[in-house]
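Observations on chain architecture
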Amino acid sequence: MNFTHLREKNKMNTETLKDYILEIADNSLILGQRFGELCGHGPSLETDIALTNMSLDLFGQVRSYYQYIAQLSEEEKTEDDIAFLRLERDYKNVLLVEQPNTDFGYVITRQYFFDVFHLMLMQQLQYSKDETLSAIAKKGIKEVSYHKRFSGDWLKRLGDGTKESHERVQKAVNDLWPYTNELFEMTEAATAATEAGVGVDAGQLKEPYYKEVSELLKEATLEVPESKYFHKGGKQGVHTEHMGYILSDMQFMQRTYPGMKW
Amino acid sequence: MSEKEIKNLEQIFEAKIVRDEKIEPKDWMPEKYRQTHIRQISQHAHSEIVGMLPEGNWITRAPSLRRKVALLAKVQDEAGHGLYLYSACETLGISRDELYEQLHSGKAKYSSIFNYPTLTWADMGAIGWLVDGAAIINQVPLCNTSFGPYARAMVRVCKEESFHQRQGYEIMLTLCNGTPEQKEMAQDALNRWWWPSLMMLGPTDDESVHTAQSMKWKLKRKTNDELRQQFIDQTVPQADILGITIPDPDLKWDEETGHYDFGPIDWDEFWQVVKGHGPCNKERISARVNAWNNGEWVRDAAMAYAEKQQAKKVEKAS
């Protein structure tokens, strides 16, 4: 991909643009990483294959975003520097994606809550004035549509399956619900990106998001949580206690053997 | 069926095999042929899915995004292999659930190699290079085996395995061209995986109980010892290119035979691992059992949901 055109055209501050891209990309990174823990441990071979596929899609997106950030950086940087060598506070993913793989119900619910947002975001981001982001979004739409179909279908199966599955997945829905609202929080970078025609006004996605999610939950015979108490912080780099462990696994090689090629 | 009729069917069956024609699931086959194939194909399928575990162990710690994606894709391929091998096996009249049950209870075996731990990143290279290398040698002849579904599955499996092997070798090559620490990591991995890889090709010919019958059915084209020699002859020059040393002081080229001579294999270790007492046998099986048990409510939910949907359809139609 040729990225050079962007520096000239883009009136937006490059650092802000990079922050905005991280906000989007880090979600895919951490969620992909969570999937990576599951490979070979799922309820069936078919779901193992599907979850691995989604993980591959997410890491593919991550690489495109980080390669772009590396291009935008003044100093010499690679996608791996960005993926592996930041401090916890510099990761901008939402808290939702770092929540653990408690059971398949949590995995699916976390995925569905993210996918609905992710698809809406990609559908808007394809119109970004930033050609690279637009291209990544266009490619992502196909992938994320599949993710949403997968997680949505499973949510229905679990919700409207057996009594046990219904109870389990309802618990997952209740526990993960407080992490949904952060998806729509606008940071300074996001606001600037939106004003420049580069980013997406996530706030506008909120209403259609809750409408769509609530409809599916009802179809899955699940209750839509009424709680109005939500968590946030991820976009500011203030994460949950899970994040440190995710990073210590993920960064292990790069931290233990600094500066080596693999 | 009269004895004469059976004799007749047997003759048709034998003649087909001699003519290199495929036996298909609906064809008549001797019960022993069926059982042997269930045993071998399921053993192969189990090896694929247990084999996901030692490599899956490094997905979250892969050193770069490129390596992470490649490793994920590789482990996914293994799940895919498992899937179509189980499917091939199911055509012989046994269900995947029954096959899992045999794995979980210890009745069915899987490749002994996966009972060794993956301790460093270099193990991802060594497994690809050596373990997949040995697997290919074992499996390429199976693309022409007599049972149709198995032969066809193996064509695809072999293509992917050979990609995995190159990928593993490339990991090793990168390490060996890297820092002294990286090269040491590669050497250490070779030291630990070399002998188990040789064992993976099975007991020596005089100890191998199934060889004769399997050769007749083209389920095997070469003996274990022949395959092992082929593997060694192929791998030694590759280690030379890497600049690392195969941990066998007796290894030397024999001009006369045109093969490498090699030192004695510790068969006691092999049988210990096969009998369930290797370094990770318990971990591997309990990981599979846990995945299965923890997934039960999910599978039940999927069934219940499907039944409800079906009932709704019927209700609508009537």
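In this text, all values refer to a predicted model and were calculated from it rather than measured experimentally. (Residues numbered from 1 in each chain as written. Chains lettered and ligands numbered in written order. Predicted model: local features only at pLDDT ≥ 70, side-chain atom pairs only at ≥ 80, totals over all residues. Heavy atoms only, no water.)

1. Regarding the overall build of chain B
The following threshold applies: Every helix listed is a DSSP run of H or I at least four residues long, and every strand listed is a run of E at least two residues long, numbered separately from the N terminus. Radius of gyration here is computed from C-alpha atoms only, and the compact-globule reference equals 2.2 Å multiplied by the residue count raised to the power 0.38. Accessibility here uses a 1.4 Å probe with only protein chains present; expressed as a share of the type maximum, an area under 20% marks a residue as buried, one over 50% as exposed, and anything in between as partly exposed. Throughout, a contact is declared for two residues whenever any of their heavy atoms are within 4.5 Å.
Assigned secondary structure in chain B consists of twelve helices and two strands. Listed N to C, the secondary structure of chain B is α-α-α-α-α-α-α-α-α-β-β-α-α-α in terms of helices and strands. Its C-alpha atoms give chain B a radius of gyration of 22 Å, within 12% of the compact-globule value 20 Å for 318 residues. With the C-alpha coordinates of chain B rotated into their principal frame, the extents come out at 75 × 50 × 30 Å. Here chain B holds 318 residues, and 55% of them are scored as buried. Counting contacts in chain B only where the partners sit at least 6 residues apart, residues at least 24 apart contribute 76% of the total.

2. Thoughts on the overall build of chain A
For clarity, the threshold we go by: Reported accessibility uses the Shrake-Rupley method at a 1.4 Å probe radius. Residues are deemed covered only where the shown protein chains occlude them. Neither His nor the chain ends is counted toward charge; the positive residues are Lys and Arg and the negative residues Asp and Glu. A charged residue contributes its charge at one atom only: NZ of Lys, CZ of Arg, CG of Asp or CD of Glu.
Helix and strand counts for chain A come out as twelve helices and zero strands. Walking chain A from its N terminus toward its C terminus, one meets helices and strands in the order α-α-α-α-α-α-α-α-α-α-α-α. The globule rule puts the C-alpha radius of gyration for 262 residues at 18 Å, and the 18 Å found for chain A is close to it. Based on the C-alpha atoms only, the size of chain A along its principal axes is roughly 55 × 40 × 30 Å. Across chain A, contacts joining residues at least 24 apart in sequence account for 81% of those joining residues at least 6 apart. Counting every atom, chain A has about 11,100 Å² of accessible surface; 49% of that belongs to carbon and sulfur. In chain A, 30 side chains carry a positive charge and 41 a negative one; their mean positions are 3 Å apart.

3. Comments concerning the pattern of salt bridges
Under the convention used in this document: A carboxyl oxygen of Asp or Glu within 4 Å of a side-chain nitrogen of Lys or Arg is what we treat as a salt bridge.
Throughout the structure, instances matching the rule amount to 30 salt bridges over all chains. In this structure, A:Glu46 and B:Arg96 form a salt bridge, with 2.5 Å as the shortest nitrogen-oxygen distance. With A:Glu46 in helix H3 (residues 45–72) and B:Arg96 in helix H4 (residues 96–105), the pair connects residues from two separate chains. Here A:Glu46 falls in the partly exposed class, since its relative accessible area comes to 38%. Judged by its relative accessible area of 16%, B:Arg96 falls in the buried class. Here A:Lys163 makes a salt bridge to A:Glu167, at a shortest N to O gap of 3.0 Å. Of this pair, A:Lys163 and A:Glu167 both sit in helix H8 (residues 163–176), separated by four residues, roughly a single helical turn. For A:Lys163, a relative accessible area of 63% translates into the label exposed. With a relative accessible area of 46%, A:Glu167 lands in the partly exposed category. It is possible to trace a salt-bridge network through shared partners that takes in B:Glu55, B:Lys74, B:Glu78 and B:Asp132.

4. Side note on empty space enclosed by the protein
Basically, it comes down to this: Any residue with an atom within 4 Å of a point lines the site, the site being either a cavity, points on a 1 Å grid over the protein atoms alone where a 1.4 Å probe fits but cannot get out, or a pocket, an open set with protein on both sides within 12 Å along at least 5 of 7 lines. Grid points are joined across faces, edges and corners, and a volume is the space filled by probe spheres set on the points. Only Asp, Glu, Lys and Arg are considered charged, only Ala, Val, Leu, Ile, Met, Phe, Trp, Tyr, Cys and Pro nonpolar, and every remaining residue, Gly among them, polar.
For the structure on display, the rule yields three cavities of 30 Å³ or more. Size it by volume and the largest cavity reaches roughly 110 Å³. Along its surface, the largest cavity is lined by 14 residues, and A:Glu23, A:Phe117, A:Leu121, A:Leu183 and A:Lys235 are the ones closest to its centre. For the lining of the largest cavity, the secondary structure elements donating two or more residues are helix H2 (14–36) and helix H6 (104–125) of chain A. Looking at the lining of the largest cavity element by element, the count peaks at four residues for H2(A). There is about 80 Å³ of room inside the second largest cavity. Along the walls of the second largest cavity sit B:Glu55, B:Arg67, B:Ala70, B:Leu71, B:Lys74, B:Trp121, B:Met124, B:Gly128, B:His164, B:Gln167, B:Gly168 and B:Ile171, which together make up its complete lining. Only helix H3 (65–90), helix H5 (122–139) and helix H6 (148–176) of chain B provide two or more residues apiece to the lining of the second largest cavity. Tallied by class, residues from the lining of the second largest cavity come to five nonpolar, four polar and three charged.

5. Some thoughts on helix H10 (residues 267–277) of chain B
Residues and elements named next belong to chain B. Stated formally: By construction, the arc corresponds to the directions joining the helix axis to the C-beta atoms.
Residues Trp267, Phe270 and Val273 constitute the buried set of H10. Within H10, the buried residues cover an arc of 125° as seen down the axis, which keeps them to one side. Summarising the geometry of H10, the exposed residues directed more than 90 degrees from the buried face are Asp268, Lys275 and His277.

6. What to know about the confidence of the model for chain A
Convention followed: As a per-residue measure, pLDDT reflects the predictor's confidence and takes values from 0 up to 100.
Summary statistics for chain A give a mean pLDDT of 95 and a share of 96% for residues scoring 70 or more. Here residues 5–10 of chain A is a poorly scored stretch, pLDDT under 50, and it has 13 contacts once near neighbours within four places are set aside; other chains count.

7. Quick word on the interface of chain B and chain A
What counts, and what does not: Summed over both partners, buried area is the accessible surface (1.4 Å probe) that two parts give up on being assembled. Polar contact criterion, stated in full: a pair of N or O atoms within 3.5 Å, where within protein one must be able to donate a hydrogen and the other to accept it, and residues adjacent in sequence count only if both atoms are side-chain atoms.
In this complex, chain B contributes 48 residues to the contact, which on the side of chain A involves 47 residues. Both sides of the chain B and chain A interface together cover about 4,100 Å² of buried area, and 70% of this is carbon and sulfur. Put simply, chain B and chain A have two salt bridges between them. A salt bridge links B:Lys308 to A:Asp160; its shortest N-O distance comes to 3.0 Å. Our count for the contact surface shared by chain B and chain A stands at 14 residue pairs in polar contact (both at pLDDT 80 or more). Breaking the side of chain B that touches chain A down by element, the ones donating at least two residues are helix H2 (31–56), H3, H4, H6, helix H7 (180–200), helix H11 (281–294) and helix H12 (296–317) of chain B. With 14 residues, H3(B) is the largest single contributor of residues to the side of chain B that touches chain A.

8. Considerations on the nonpolar core
Where we set the bar: To define a nonpolar core, start from buried Ala, Val, Leu, Ile, Met, Phe, Trp, Tyr and Cys residues and group those joined through side-chain atoms within 4.5 Å.
Formed by 179 residues in total, the largest nonpolar core has its most connected members in A:Leu29, A:Tyr65, A:Tyr66, A:Tyr209 and B:Trp121. The leading source of residues in this core is H3(A), at 15 residues. In this structure, B:Trp121 is in contact with A:Met253, A:Trp262, B:Trp58, B:Ala62, B:Pro63, B:Arg67, B:Leu71, B:Ile171, B:Leu175 and B:Met185, ignoring residues within four places of it in sequence.

9. Overview of the side chain of B:Arg299
Within the secondary structure layout, B:Arg299 lies in helix H12. Excluding residues within four positions of it along the chain, B:Arg299 makes contact with A:Pro43, B:Ala291 and B:Trp292.

10. What to know about the environment of B:Gly128
Residues and elements named next belong to chain B. Its place among the elements puts Gly128 in helix H5. On the basis of relative accessibility, which here comes to 0%, the residue Gly128 falls in the buried class. For the pair Gly128 and Gln309, spaced 181 residues apart in sequence, the C-alpha to C-alpha distance is 44 Å. When neighbours within four sequence positions are excluded, Gly128 is seen to be in contact with Lys74, Gly133, His164, Gln165 and Gly168.

11. Regarding the packing of aromatic side chains
The condition that has to hold: Any Phe, Tyr or Trp ring, taking Trp's six-membered ring, that has another such ring centre within 6.5 Å forms a pair; planes under 30 degrees apart are called stacked, those over 60 apart edge-to-face, and the others tilted. As a reminder, the over-ring test applies to NZ of lysine and CZ of arginine, requiring each to be within 6 Å of the ring centre and within 35 degrees of the ring normal.
Summed over all chains, the structure comprises 23 aromatic pairs over all chains. A ring pair is formed by B:Tyr86 and B:Tyr100, whose centres lie 5.2 Å apart and whose planes are at 70°; its orientation type is edge-to-face. Taken together, the positions of B:Tyr86 in helix H3 and B:Tyr100 in helix H4 put the pair 14 residues apart, joining distant regions of the chain. Neither B:Tyr86 nor B:Tyr100 differs from the other in exposure class; each is buried. Against the face of A:Trp154 rests A:Arg157, its NZ or CZ located 4.6 Å from the ring centre.

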